[in-house]
Protein chains: 2
Amino acid sequence: MIKHEQAIETLRLKGHRLTPQRLIVLSIIASSDGHMGVDEVFQAAKKTYPYMDIATVYRTLHLFKDLGVVTEVAIGDRLHFELTDLDGHHHHMVCRACNGAFNLSPHYLAEFRDTLNKEFGFEPDLEHFAVTGICIDCQRSEFESKEKQK
Amino acid sequence: MIKHEQAIETLRLKGHRLTPQRLIVLSIIASSDGHMGVDEVFQAAKKTYPYMDIATVYRTLHLFKDLGVVTEVAIGDRLHFELTDLDGHHHHMVCRACNGAFNLSPHYLAEFRDTLNKEFGFEPDLEHFAVTGICIDCQRSEFESKEKQK
DNA sequence: CATGTTATTGCAATCAATTGCGATTACTAA
DNA sequence: TTAGTAATCGCAATTGATTGCAATAACATG
Ligand SMILES: [Mn+2]
Ligand SMILES: [Mn+2]
Ligand SMILES: [Zn+2]
Ligand SMILES: [Zn+2]
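Scope of this entry: the structure provided in the associated data block. Bear in mind the structure is a predicted one, so any value in this text is a computation, not a measurement.

## Some words on the overall build of chain A
Helix and strand content of chain A: six helices and seven strands. Shown N-terminal to C-terminal, the secondary structure of chain A runs as helices and strands in the order α-α-β-α-α-β-β-β-β-α-β-β-α. Against the globule reference of 15 Å for 150 residues, chain A gives a C-alpha radius of gyration of 19 Å, more extended than a compact globule. Taken along the three principal axes of its C-alpha coordinates, chain A extends 60 × 45 × 25 Å. When burial is assessed residue by residue, chain A has 37% of its 150 residues classed as buried. When contacts within chain A are restricted to residue pairs at least 6 apart in sequence, long-range pairs at least 24 apart make up 50% of them. Here chain A displays about 9100 Å² of accessible surface, and carbon together with sulfur accounts for 52% of that area. Charged side chains in chain A number 17 positive and 22 negative. The centres of these two groups are separated by 6 Å.

## A closer look at the nonpolar core
Residues F112(A), L116(A), V131(A), F112(B), L116(B) and V131(B) are the most contacted members of the largest nonpolar core, which totals 28 residues. Put simply, the parts of the chain that give this core at least two residues each are strand 4 (91-95), helix 5 (107-120) and strand 7 (130-134) of chain A together with strand 4 (91-95), helix 5 (107-120) and strand 7 (130-134) of chain B. Ignoring any residue separated from it by four or fewer positions in sequence, one finds V131(B) in contact with L116(A), F122(A), P124(A), D125(A), L126(A), H92(B), M93(B) and V94(B).

## Focus: the coordination of the zinc ion (ligand 3)
Where a metal carries four tetrahedral donors, each ideal angle is 109.5 degrees; where it carries six octahedral donors, the ideal angles are 90 or 180 degrees. Residues and elements named next belong to chain A. Those protein atoms acting as donors to the zinc ion (ligand 3) are C95 (SG), C98 (SG), C135 (SG) and C138 (SG), and they sit at 2.2 to 2.4 Å. What the four donor atoms of the zinc ion (ligand 3) show is an angle range of 104 to 115 degrees at the metal, which sorts the shape as tetrahedral. Taking relative accessible area as the criterion, C95 reaches 0% and is therefore assigned buried.

Calculation rules
Residues numbered from 1 in each chain as written. Chains lettered and ligands numbered in written order. Predicted model: local features only at pLDDT ≥ 70, side-chain atom pairs only at ≥ 80, totals over all residues. Heavy atoms only, no water. Helix = DSSP H or I, 4+ residues; strand = E, 2+ residues; numbered from the N terminus. Rg over C-alpha atoms; globule rule 2.2 N^0.38 Å. Buried < 20%, exposed > 50% of the residue type's maximum accessible area, 1.4 Å probe, protein only. Contact = heavy atoms within 4.5 Å. Areas by Shrake-Rupley, 256 points an atom, 1.4 Å probe, with all protein chains shown as cover. Lys, Arg positive; Asp, Glu negative; His and termini not counted. Charge placed at Lys NZ, Arg CZ, Asp CG, Glu CD. Core = buried A, V, L, I, M, F, W, Y, C linked by side-chain atoms within 4.5 Å. Donors = N, O, S within 2.8 Å, 3.2 Å for Na, K, Ca; no water. Tetrahedral: all angles 85-135°; square planar, octahedral: opposite > 155°, others 65-115°.

Laid out in structure tokens, this is it:
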């Protein structure tokens, strides 16, 4: 629970108010081990605070993101959030067929980033990147269902 | 205009109907040299066909995408479309500050794709990829405005 | 503890994108 | 050329995300 306390301290230091809505969203995100979709957060929040509004959830998550408390990741076309990983960044491979999310060490993208930097002076947004695709298991099932068809 | 005829032939071969709406969207996309946002296409289409509906524009663009006639690229959070580049794929760097889009040869991502393939058996969606970030010019302006501040 | 200031909230409106549905129309085949 | 049929369209409703605004509540100050 040290992380939780730290986040609250960050809020206070930057002059943000400690509202019940913010504390609830924080504890929900903190109690999850992976990413959470915005609606998941919203549904969970309504259970302890029925007046919670989806706009407040979005505003809170964006505030937490600005403060560095949570990290945003676009999976497909939906936004997901998770507590910022203090042990270093990571990326994701997300399967478009089964929605499985696999972690990816940052070094797989470091080279790409460096190349764009050196060759074009371009600084890409690759903090917490999710690349969609088809995982190895779903490639197999796809292959098998094609076999069966003939 | 050879491309245009080819697209029409593709529609007919796959059993899709040649509607005025489809022909208009096709000619608009074909007459543009870069990406077009969906609303750009819609506004242009309404000029020659005032009854055009935005839903039809989306459905038409998605059909064209499935047929391989156009390619979709997500720039920031908006979808853009362009005629499929027959001379080979390409990617983009898009500046978050000035919205400038720069083309990127596919070889910059080939390595990344191969690594995911070999190490994890993951097949990433990287057909027509756009990475956002800050271009070299905007990095300079950012730096200068920070200098001026002190 | 009471009070004033202002950040924050809930609600409704809005925007990009998608979808269900009944009306229309492109094409097939007589 | 003329139906018949299914694909397609326009329209309205819906969804995820965002925003303006008036009401509310967190917090500083006395
Ligand atoms: Mn993550
Ligand atoms: Mn392109
Ligand atoms: Zn999968
Ligand atoms: Zn720029």
